[in-house]
Structure formats: structure tokens, C-alpha cells
Amino acid sequence: RFSVKTLIDRSCFETIDDTSPEFNNFAAILEQILSHRLKGQITWFGYESPRSFWDYIRVACRKVSHNCICSIENMENVGSSRAKGRAWIRVALMEKHLSEYISTALRDFKTTRRFYEDGAIVLGEEANMLAGMLLGLNAIDFSFCLKGEGLDGSFPAVIDYTPYLKFTQSSDSISSDEEELRTLGSSGSEGSTPENIGPPFITDENSWYNKCKRVEQKYRLALEQKGYLEELVRLRENQLSESVSQNKLLLQRIEDMDLAHKMEKEQLEYIIVELQDQLTVLKNNDLRSRQELTTHLTNQWPSPGALDVNAVALDTLLYRKHNQQWDEKSFQSLDQLSAEVSLSQSSLDPGHSQDGKQDGMNLLNEGKEDTPSLLGLCGSLTSVASYKSLTSLKSSEYLASPTTEMTSPGLTPS
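Residues numbered from 1 in each chain as written. Predicted model: local features only at pLDDT ≥ 70, side-chain atom pairs only at ≥ 80, totals over all residues. Heavy atoms only, no water.

Student: Mind laying out the overall build of the protein chain, listing which residues take part and the relevant values?
Tutor: When helices and strands are counted, the protein chain shows 16 helices and two strands. Across the 414 residues of the protein chain, 27% fall into the buried class. At a minimum sequence separation of 6, the contacts of the protein chain that also span at least 24 residues come to 71%. Looking at the protein chain as shown, the accessible area adds up to about 28900 Å², and 56% of this sits on carbon and sulfur atoms. (Helix = DSSP H or I, 4+ residues; strand = E, 2+ residues; numbered from the N terminus. Buried < 20%, exposed > 50% of the residue type's maximum accessible area, 1.4 Å probe, protein only. Contact = heavy atoms within 4.5 Å. Areas by Shrake-Rupley, 256 points an atom, 1.4 Å probe, with all protein chains shown as cover.)

Right, here's the structure in full:
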């Protein structure tokens with residue numbers, strides 16, 4: 001209580017920073033309160049290592065909205081746990097949220113019980129008054145440097161009790177205390193109110209002039225803060241308007257992209273359907289071409305039975321020619337054979353039936369010299385070209401003897 005009171009009184013004259021002895025004393029007292037009967041951390045081997053109050057604050061104050069826990073954790077020049085706790089005290093005072101941090105941590109009784117032993121200050125009844133006493137610090141503007149030696153966790157927090165042994169109140173504080181005592185005395189007996197409290201008022205011109213100076217200084221400070229806040233609000237409004245315009249542009253761009261995507265999807269679907277139709281048409285044309293080709297090949301070539309009959313008739317003709325059995329009956333058979341050959345050609349090529357008949361007669365009547373190159377044509381009589389070439393032979397000198405290689409006129413020479 002004394003540290004908070006002296007800190008508020010000092011703030012009336014000057015800005016509170018790290019060089020203020022009242023603040024150093026207050027920070028040491030708060031650190032001692034939060035470190036009172038703090039449990040150590042149990043290791044794997046069963047030993048208990050010391051722990052700082054920052055470990056408790058880091059866990060218990062996570063629920064505070066817009067807290068500075070992550071900022072303290074990421075500070076580069078703050079390494080030890082005690083230094084992080086001291087940095088947290090300064091940041092919470094500058095944010096004017098120290099009372100909110102402490103009240104939130106004390107409400108989490110389960111976490112507090114886990115970190116502190118029985119008899120700790122934060123577990124007693126006095127802890128409920130701590131947040132209320134710290135609420136008055138929200139009216140003070142603090143200015144701290146988080147890179148100084150005050151954050152070093154190597155030295156302990158030492159409380160200086162000297163200012164409280166010779167404590168003197170300012171005139172504002174005395175007047176406020178008298179008002180409180182007068183209010184309390186009015187509710188009780190008149191004799192209970194002390195008559196003389198503190199030194200008498202100084203009513204000279206000097207004191208009133210100093211009071212006016214302090215009021216004017218406070219007014220100017222409030223005016224500057226008001227101007228700063230107005231400028232900050234104006235800046236935030238401009239940022240908000242820019243964000244809204246950018247959001248509209250992004251939404252419009254997203255709608256355009258969705259529309260373009262839908263159009264591309266429809267075009268791709270149309271192309272797929274068109275390609276499927278073309279593929280179906282190509283398949284039908286291919287099937288129709290295969291059927292036409294099969295029908296054309298089937299109607300063009302003669303049956304194997306007709307070729308065999310023509311080949312047997314040609315073999316009989318060659319056998320009779322070799323034995324010089326040419327008579328009138330043989331010439332009749334030759335005419336009959338020529339007719340059959342022409343019929344077989346007409347079955348292969350109907351448009352050239354007459355030409356085929358004349359060619360057959362010319363081949364029979366045309367004379368050619370016997371050469372050994374015709375010997376290889378005697379082995380195959382399954383095609384029309386083979387027996388066409390054989391009918392032009394006049395001599396069978398190079399053919400095999402029918403007595404040794406053929407047993408009957410109906411067999412084909414090998």
C-alpha cells in the first residue's frame with residue numbers, strides 16, 4: 001500500500017521511469033509477493049530446481065485478451081526467466097493492464113495451487129485486495145526502457161523500507177485523506193474523528209501558485225494525449241477504409257475468376273462432347289470400311305475347288321501332249337479345256353472374260369522354246385498365273401517322266 005501510494009504521489013510531479021526509486025521499490029515488492037513460497041520444478045532425477053514467478057504468470061495469464069506473453073517470450077535481449085518476469089511487470093504497467101493480469105491469474109485457483117505452497121501470499125485472503133490496490137496505477141503514465149540493466153536477473157530484488165519510515169504526504173494526498181476521514185466520521189460518533197491530522201495547510205501565495213502550475217501541466221499533458229489519440233483514431237480510420245476498398249477489390253477479383261472458371265469448364269465440356277461424337281463417327285466409318293474390304297476380297301478370289309479342277313485338267317493335257325497322243329478327240333478336249341480356263345477367269349474378273357478366253361487360246365497356240373527356268377513353275381498349280389504359263393509349253397522335255405513320277409494322269413507333278 002505504501003509503495004503504490006508513493007508511486008502515485010511521485011507521478012504528480014514527474015514521469016515514472018527506471019530511474020525512479022519509488023518504482024524500483026514497487027517492482028521489488030511485487031516480485032517478492034509473486035515469488036513467496038513458489039514451488040520448485042521437479043526434474044527426472046527427483047531434484048527440485050528453483051523457478052521464477054514468470055513460469056506462473058506465463059501459464060495463468062494466457063486467458064487475458066491481447067496479452068503480451070508472446071512478445072516477452074520473443075524478446076532477444078531477455079534470456080533468463082527472472083528477467084522475463086521483470087520485463088512483464090514494466091510492459092503491463094505501460095499497457096495499464098497489470099491489475100487485470102493479477103486478477104486473472106488469481107482467479108485461476110487450480111494453476112495457482114499447483115505453483116505455490118501452502119501459506120503463500122497469493123493463496124491467502126490478502127491476495128484478493130492486491131488487484132484492487134494495483135488498479136490505481138492505471139492512471140499513471142510509465143516510460144521504461146526494456147534494454148537496460150534493470151532487467152538483468154543476476155541480482156535479487158531488494159526492498160528499501162527507508163521511504164516508508166519518514167513518509168510525508170503531499171497536500172493533495174492530505175486533503176483526500178481528510179475527506180475520507182470526514183466521511184467515515186459522519187457515519188460514526190463525532191468524537192471518534194481526530195481533530196489534528198498531519199501538518200496544517202499552507203495557504204500562502206507560493207503554494208497556490210505551485211498548485212496552479214501543476215494543474216496547468218496536467219491539463220497540457222491531457223491535451224497532448226487527447227491530440228495523440230485523435231490522430232491515432234484518424235490513422236486507424238484511414239487504414240480501415242483502405243482495407244475495406246482492398247477487400248472489395250479482392251471480392252470482385254474472386255467473382256471474376258469464378259466466372260472465368262465456369263466458362264472454361266463449359267467450353268471444355270463442349271469440346272469433350274464434340275470429340276466423343278467425332279470418335280464415334282470414326283469408329284463407325286472404320287467398321288464400315290472393314291466390312292466393305294472383307295466383302296470385296298471374298299467376291300474377288302475363286303473358291304479352292306474350282307482351282308483344283310482346272311489344275312487336274314491342265315495336268316491331263318500335259319500328259320497327253322508328252323505321249324504324242326494328239327488326235328481329233330484330244331483337240332476337242334483342248335478346246336474344252338480352253339473353255340474351262342476362260343470360265344475360271346471370268347469368275348475372277350467378269351469384265352475381262354472375253355480377253356481371258358483369247359489369251360488362253362493364244363497361249364496354247366503360241367510357240368516358245370523349252371528352258372529349264374520353267375521347271376520351277378510346275379510345282380504350283382494353285383494360282384491362275386501358274387497354269388496360264390504352263391499352257392504355253394509345247395514340249396515336256398524337262399518335265400519328269402510320267403512312268404516314274406506319276407502313277408495316273410490325274411496326279412499333279414511334284
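Student: Outline unusual backbone geometry, listing residues and values.
Tutor: Glycine aside, the phi torsion of most residues is negative, and most peptide linkages are trans. Although it is not a glycine, Arg-37 sits at a positive phi angle of roughly 55 degrees. Turning to its location among the elements, Arg-37 is positioned in the loop between helix H2 (21-34) and strand S1 (41-42). With a relative accessible area of 40%, Arg-37 lands in the partly exposed category. Phi at His-66 takes a positive value of approximately 55 degrees, unusual for a residue other than glycine. Relative to the elements of secondary structure, His-66 occurs in the loop between helix H3 (53-60) and helix H4 (69-73). Looking at His-66, the relative accessible area reads 74%, which means it is exposed.

Student: Go over the nonpolar core, please, and point to the residues and values.
Tutor: Ranked by internal contacts, the top residues of the largest apolar core, which has 50 residues, are Phe-26, Trp-88, Leu-93, Leu-98, Tyr-116 and Leu-137. Among the elements of the structure, helix H1 (2-11), H2, H3, H4, helix H5 (81-95), helix H6 (98-107) and helix H8 (127-134) are those that each provide at least two residues to this core. Each residue touching Phe-26, except ones within four places of it in the same chain, is listed here: Ser-3, Val-4, Leu-7, Leu-93, Leu-98, Leu-134 and Leu-137. (Core = buried A, V, L, I, M, F, W, Y, C linked by side-chain atoms within 4.5 Å.)

Student: Describe the packing of aromatic side chains, naming the residues involved and giving the relevant values.
Tutor: Overall, the coordinates contain six aromatic pairs when judged by the stated rule. Between Phe-23 and Phe-142 the ring centres are 6.4 Å apart and the planes differ by 55 degrees, which places this aromatic pair in the tilted class. Note that Phe-23 is positioned in helix H2 and Phe-142 in the loop between H8 and helix H9 (162-165), a separation of 119 residues in sequence. Put simply, the rings of Phe-23, Phe-142 and Phe-144 pair up and form one aromatic cluster. Over the ring of Trp-208 we find Lys-211; its NZ or CZ atom is 4.6 Å from the centre of that ring. (Phe/Tyr/Trp six-rings, centres within 6.5 Å; stacked < 30°, edge-to-face > 60°. Lys NZ or Arg CZ within 6 Å of the ring centre and 35° of its normal.)

Student: Please provide a residue-by-residue account of the packing of H2 against H5, values included.
Tutor: Between two packed helices, the angle of one axis relative to the other and the distance separating the axes together describe the packing. Axis separation between H2 and H5 bottoms out at 11 Å; the angle between their running directions is 120 degrees. With respect to their mutual orientation, H2 and H5 come out oblique. Both H2 and H5 take part in a crossing whose hand is right-handed. Packed against H2, whose contacting residues are Phe-23, Phe-26, Ala-27, Leu-30, Glu-31 and Leu-34, the element H5 presents Arg-82, Arg-86, Trp-88, Ile-89, Arg-90 and Leu-93 at the interface. For the contact of H2 with H5, a count of residues per class yields eight nonpolar, no polar and four charged. (Axes fitted to C-alpha atoms, helices over the stretch in contact; angles between N-to-C directions. Parallel < 35°, antiparallel > 145°, perpendicular 65-115°, else oblique. Left-handed = near helix turned anticlockwise from the far one by under 90°. Nonpolar A, V, L, I, M, F, W, Y, C, P; charged D, E, K, R; others polar.)

Student: Give me the lowdown on the pattern of salt bridges, citing residues and values where you can.
Tutor: One pass over the structure, following the stated rule, counts 15 salt bridges. One salt bridge connects Glu-73 with Lys-84, and the closest N-O pair in it is separated by 3.3 Å. Here Lys-84 lies in helix H5 and Glu-73 lies in helix H4, a separation of eleven residues in the sequence. Taking the shortest distance from any N to any O, the salt bridge between Lys-96 and Asp-141 comes out at 2.9 Å. A residue pair is termed long-range when its members are at least 10 positions apart, and Lys-96 in the loop between H5 and H6 and Asp-141 in the loop between H8 and H9 qualify at 45 residues. Owing to a relative accessible area of 29%, Lys-96 belongs among the partly exposed residues under this scheme. Among the charged side chains, a network of salt bridges with common partners joins Asp-55, Arg-58, Glu-73 and Lys-84. (Salt bridge = Lys/Arg side-chain N within 4 Å of Asp/Glu carboxyl O.)

Student: Give me the confidence of the model for the protein chain: which residues, what numbers.
Tutor: For the protein chain, the mean per-residue pLDDT works out to 74, and 61% of the residues sit at or above 70. Taken as a whole, residues 187-203 scores under 50 in pLDDT and shows eight contacts with residues more than four places along the chain or in a different chain. A low-confidence stretch, residues 373-384 stays under pLDDT 50, and its non-local contacts, those more than four residues away or across chains, total 21 contacts. (pLDDT = per-residue confidence, 0-100.)

Student: Residue-level account of the environment of Ile-33, with values.
Tutor: Within the secondary structure, Ile-33 is located in helix H2. Taking the C-alpha atoms as reference, Ile-33 lies 6.5 Å from Ile-121; in sequence the two are 88 residues apart. Excluding residues within four positions of it along the chain, Ile-33 makes contact with Ile-121, Val-122 and Leu-130.

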